[in-house]
Amino acid sequence: MIVASPPANPLPANPLSHHFLMMAYNNAWANYRLLKACTQLSPQEFVAPRTSFFPTIRATLGHILTVDWFYMDALERELRGQAPNLECRSFFENREPFDTAAEMQREQALTDNRMIAYCKQQNDSGLNRLVSIESPGRKTRCDTRTRLLAHIFQHQIHHRGQVHAMLSGTSVAPPQLDDFFCSNDAEHRADDFAELGWTEADVWNPPA
């Protein structure tokens with residue numbers, strides 16, 4: 001049996017922040033693959049009532065996107081040294097902001113790229129910096145960058161799993177979502193990476 005050699009990548013200088021960058025790439029890749037499948041649904045399947053935390057595939061994808069908007073706004077403001085957004089609840093005024101999966105795919109990709117750009121700017125020494133989220137009449141939320149990033153990625157995984165399960169009741173096969181991390185799976189993600197404009201080196205080589 002021939003065993004593939006592991007990739008000869010150097011150890012990252014900032015292992016935790018590098019892990020978050022890998023999670024940001026994984027997040028973008030998984031959303032791309034899942035939403036690509038959703039664009040193959042008929043309009044009726046996209047909005048059909050289903051048994052899940054949210055009532056439809058469109059509603060679940062809308063929740064993922066609006067929550068990402070909410071947290072990315074807070075993270076980016078803190079990174080720029082700006083005050084918290086007092087109108088941050090406005091991101092939830094329309095919980096289904098787009099009618100089609102193609103529109104959702106486009107906007108989710110833009111947000112995922114913001115997350116990748118954010119994580120590229122991190123180093124381990126800055127991950128304990130506090131991020132505040134404030135809105136009138138509500139208790140101020142304050143957590144570290146580490147905790148907020150971990151929460152965002154867990155939130156995505158949680159709700160992507162729900163969409164994945166809901167696809168099982170449609171004409172579209174749920175996509176494989178665990179071909180990202182292992183080097184031996186590179187061939188299974190090659191087409192996606194090419195469509196996303198990435199290479200294996202872009203994703204896996206740690207920043208200098």
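Provided above is the structure to which this section pertains.
Note on numbering: residues in each chain are counted from 1, in written sequence order. Thresholds applied to this predicted model are a pLDDT of at least 70 for local features of residues and 80 or more for the giving and counting of side-chain atom pairs; totals over whole chains, interfaces and linings are not thresholded and use all residues. Note that water and hydrogens are dropped before the side-chain values are worked out from all heavy atoms of the structure.

1. Digging into the packing of helix H1 (residues 15–38) against helix H4 (residues 101–120)
Packing of H1 against H4 brings their axes to within 9 Å, and their N-to-C directions diverge by 175°. Between H1 and H4, the interaxial angle falls into the category roughly antiparallel. Counted together, Phe-20, Leu-21, Ala-24, Tyr-25, Asn-27, Ala-28, Asn-31, Tyr-32, Leu-35, Lys-36 and Cys-38 of H1 and Ala-101, Met-104, Gln-105, Gln-108, Asp-112, Met-115, Ile-116, Cys-119 and Lys-120 of H4 form the full contact between these two elements. The axes used here are C-alpha line fits, helices contributing only the stretch in contact, and every angle between their N-to-C directions lies in the interval 0 to 180 degrees. Put simply, DSSP marks the helices as runs of H or I at least four residues long and the strands as runs of E at least two long, and each gets a number from the N terminus on. What sets the label is the angle itself: under 35 degrees gives roughly parallel, over 145 gives roughly antiparallel, 65 to 115 gives roughly perpendicular, and the rest give oblique. The contact criterion used is simple: two residues touch if any of their non-hydrogen atoms lie within 4.5 Å.

2. With respect to the side chain of Thr-111
Following the sequence through the fold, Thr-111 ends up in helix H4. At 3.2 Å, the side chain of Thr-111 and the side chain of Trp-69 are in polar contact. With residues up to four places along the chain from it excluded, the contact list for Thr-111 reads Leu-65, Asp-68, Trp-69 and Met-72. Under this definition, polar contacts are N or O atom pairs within 3.5 Å; protein pairs additionally need one hydrogen-donor-capable and one acceptor-capable atom, and for neighbouring residues in sequence, both atoms have to be side-chain atoms.

3. Description of the pattern of salt bridges
For this document, the term salt bridge refers to a Lys or Arg side-chain nitrogen within 4 Å of an Asp or Glu carboxyl oxygen. The full count for this structure, using the stated rule, is 12 salt bridges. The closest approach of N and O atoms between Arg-33 and Asp-192, which form a salt bridge, is 2.5 Å. With Arg-33 in helix H1 and Asp-192 in helix H6 (residues 186–196), the pair connects residues that are 159 residues apart, well separated along the chain. The pair formed by Arg-33 and Asp-192 is uniform in burial state, with each residue classed as buried. Members of the salt-bridge network, linked through shared partners, are Arg-33, Asp-179 and Asp-192. We call a residue buried when its accessible area falls under 20% of the maximum for its residue type, exposed when it is over 50%, and partly exposed in between, using a 1.4 Å probe and counting protein chains only.

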